[in-house]
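So the chains spell out like this:
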Amino acid sequence: MIRSFRPLLRGSTYSGALFAYCGALASLPLLPVAMLPTLARPSAPYGVQLVLTLLLWAALIGVAGLARATRRVLIVSARRLLRVPLPDPVAARRPANLTASRPAGPSEAGPSPTAPALATDRWRTPLWLLLHVALGWTGALVSGLLLLAGLTLPLGAEAGLSLFGRSVWVVGGWQSWAVALGCVLLAAAVCVVVTKALRWSAPRLLGPSPAERLALAAERELALAERNRLAHELHDSIGHTLTATTIQAAVAGEVLSADPVAARAALRSIEESARAALEDLDYVLGVLREQESETAPTRTLADLPELLDRLRHAGAVVEPELSGELTQVQGTLSRAAYRILQEGLTNALRHGAGGPVEVRVAAAADSLELSVVNRTGAGTSPGPGPGPGTGRGAFPTSGHGLPGLAERVRLLHGEIEAGPVGPQHWRLAVRLPIRLSA
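About the cut-offs
- Residues numbered from 1 in each chain as written.
- Predicted model: local features only at pLDDT ≥ 70, side-chain atom pairs only at ≥ 80, totals over all residues.
- Heavy atoms only, no water.
- UniProt positions renumbered as here; feature names shortened; annotations may be inferred.
- Helix = DSSP H or I, 4+ residues; strand = E, 2+ residues; numbered from the N terminus.
- Buried < 20%, exposed > 50% of the residue type's maximum accessible area, 1.4 Å probe, protein only.
- Contact = heavy atoms within 4.5 Å.
- Phe/Tyr/Trp six-rings, centres within 6.5 Å; stacked < 30°, edge-to-face > 60°.
- Pairing = 2+ DSSP bridges.
- Axes fitted to C-alpha atoms, helices over the stretch in contact; angles between N-to-C directions.
- Core = buried A, V, L, I, M, F, W, Y, C linked by side-chain atoms within 4.5 Å.

Looking at an unreviewed UniProt entry, one finds the chain named histidine kinase, with Streptomyces aureoversilis as its source organism. Check the Catalytic activity (unreviewed entry) section of the UniProt entry for the chain; it says "ATP + protein L-histidine = ADP + protein N-phospho-L-histidine."

Chemist: If you had to explain the overall build of the chain to someone new, which residues and values would you point to?
Modeler: The number of helices and strands found in the chain is 14 helices and seven strands. A buried classification covers 39% of the 438 residues belonging to the chain. Within the chain, residue pairs in contact and separated by at least 24 positions form 74% of the contacts whose partners lie at least 6 positions apart.

Chemist: How would you sum up the packing of aromatic side chains? Please name residues and give values.
Modeler: Aromatic ring pairs are reported here in terms of the distance separating the ring centres and the angle at which the planes meet. As enumerated under the stated definition, the model contains two aromatic pairs in all. Seen from their ring centres, Phe-19 and Trp-128 are 5.9 Å apart, and the 35 degrees between their planes marks the pair as tilted. Taken as a pair, Phe-19 in helix H2 (residues 11-26) and Trp-128 in helix H8 (residues 124-152) lie far apart in primary sequence, 109 residues in all.

Chemist: Lay out the environment of Leu-234 in plain terms, naming residues and giving numbers.
Modeler: Within the secondary structure, Leu-234 sits in helix H10 (residues 210-255). Each C-alpha atom of the pair Leu-234 and Ala-277 lies 8.6 Å from the other, and the pair is 43 residues apart in sequence.

Chemist: Describe the environment of Leu-281, listing the residues and the values that go with them.
Modeler: As for its placement among the helices and strands, Leu-281 is situated in helix H11 (residues 260-288). Linking Leu-281 and Ile-238, residues 43 residues apart in sequence, is a C-alpha distance of 7.8 Å. Apart from the residues lying within four places of it in its own chain, the contact partners of Leu-281 are Leu-234 and Ile-238.

Chemist: Break down the UniProt feature "transmembrane region" (unreviewed entry) in the chain for me, with residues and values.
Modeler: The UniProt entry lists residues 12-34, 46-67, 127-154 and 174-195 under the feature "transmembrane region" (unreviewed entry), expressed in the numbering used here. Within the segment residues 46-67, helix and strand shares are 91% and 0% respectively, and the terminal C-alpha atoms sit 33 Å apart.

Chemist: So what about the sheet that holds strand S3 (residues 317-324)? Which residues, and what values?
Modeler: Note: strands within a sheet are paired through backbone hydrogen bonds, in either parallel or antiparallel orientation. Strand order in the open sheet formed by five strands is S3-S4-S5-S7-S6, and the pairing between neighbours is mixed. Only two strands of the sheet have a single neighbouring strand rather than two, namely S3 and strand S6 (415-420). Taken over all neighbouring pairs, the strand axes of this sheet differ in orientation by 5 degrees on average, direction set aside. Here eight bridges tie S3 to strand S4 (residues 356-363), and the two strands are oriented parallel to one another. Directly across from Ser-323, in S4, lies its bridge partner Ala-362. Helix-sheet contacts for helix H12 (residues 304-313) involve S3 and S4, and the interaxial angle to S3 is about 165 degrees. Contacts from helix H13 (residues 331-351) reach S4, strand S5 (367-375) and strand S7 (425-433), with the element oriented near 10 degrees to S5.

Chemist: How would you explain the nonpolar core if you had to name every residue and give the values?
Modeler: In this structure, Leu-341, Leu-345, Leu-368 and Leu-370 are the most contacted members of the largest nonpolar core, which totals 34 residues. Of all the secondary-structure elements, those providing two or more residues to this core are H10, H12, H13, S4, S5, helix H14 (401-411) and S7. Ranked by size, the runner-up nonpolar core spans 27 residues in total, among them Ala-17, Ala-34, Leu-82 and Leu-129.

Now the structure itself:
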């Protein structure tokens with residue numbers, strides 16, 4: 001018995017009915033506007049005036065439902081009063097923080113393909129608003145009449161019901177109390193029905209449509225791609241800086257007494273490396289916190305001499321070989337080339353066994369070739385795989401370096417080779433097509 005009345009005792013039922021009745025009251029200001037044409041022609045039949053007023057009223061309510069602000073208010077209200085888990089409306093555009101912070105690539109041209117589909121789904125909110133108002137007025141009138149009857153019958157009022165030519169009258173006594181209780185229960189049942197109808201229709205008309213789900217999936221894909229890019233930036237910048245500064249600090253400590261000039265140069269290089277890494281870190285943290293971050297710090301092939309100088313301050317012998325018109329390499333391709341060389345040189349510092357590090361950058365008419373070759377020594381593990389390196393390269397690694405490079409090269413439609421060359425050398429070679437540069 002108690003279980004059958006459990007829906008009537010839920011707070012969400014009455015908050016949902018309140019939501020429906022508030023929607024009905026909110027439509028009242030539009031009723032005088034809908035009555036203006038009928039007031040201008042009072043000679044028209046009453047039935048025509050009524051139908052015309054209702055049609056104009058419904059049209060005005062539907063127009064109000066086209067506003068984006070109306071949809072947001074309805075979704076927030078339905079979440080709180082109907083207890084329906086509705087997501088926020090999906091805009092037919094990319095998040096501003098992602099598009100502003102990520103450099104444009106070849107796959108980011110053109111408008112979002114889901115924008116026309118999202119525009120065709122705008123009728124769902126006006127339809128739900130009309131249903132909301134209709135259920136609110138129906139529930140308010142029916143439950144109001146039932147409650148009025150339930151309150152007046154015990155006071156001695158008379159009530160009659162005529163059906164199929166037969167009439168039943170209730171005049172005082174226990175019958176009036178029984179009918180009054182029935183009216184109150186029916187009023188509560190109307191609240192349940194109205195709430196159930198709104199809870200059923202809200203996810204279907206206010207929830208995300210297939211086009212909105214597609215747009216939401218696209219936004220999630222962009223967010224994941226951006227986080228992946230930021231992870232690469234952190235790995236390339238912070239990983240390289242920590243490796244270089246650790247070696248530079250060791251060099252400075254060894255030559256501090258014998259060669260103060262070299263020690264000061266190493267310390268100055270540590271300061272420059274740390275400053276650049278802090279800029280990258282501040283930018284990444286700003287994006288992760290969804291704040292208005294400044295322009296991303298860009299490292300391009302123009303910054304390659306500075307990178308090679310930091311390696312020389314760390315005690316490495318670098319033999320660069322630059323050929324071709326490097327100035328024609330711009331945008332995304334130049335930034336990616338810098339990060340690839342940075343990762344290759346970082347691995348050479350970590351796992352190298354002394355000897356010169358050969359760096360080759362060759363820009364042709366249709367491609368950009370990069371290579372880093374370093375000495376590893378026999379029996380060592382030069383790459384970021386299992387096994388310890390020797391010499392200064394005995395650094396713990398996460399194993400994400402080469403996979404991250406391979407993914408970066410694949411996104412640029414390039415080719416990558418990494419592996420031992422002979423018994424004592426390790427070679428990283430990358431070829432990138434220039435025609436895809438941004």
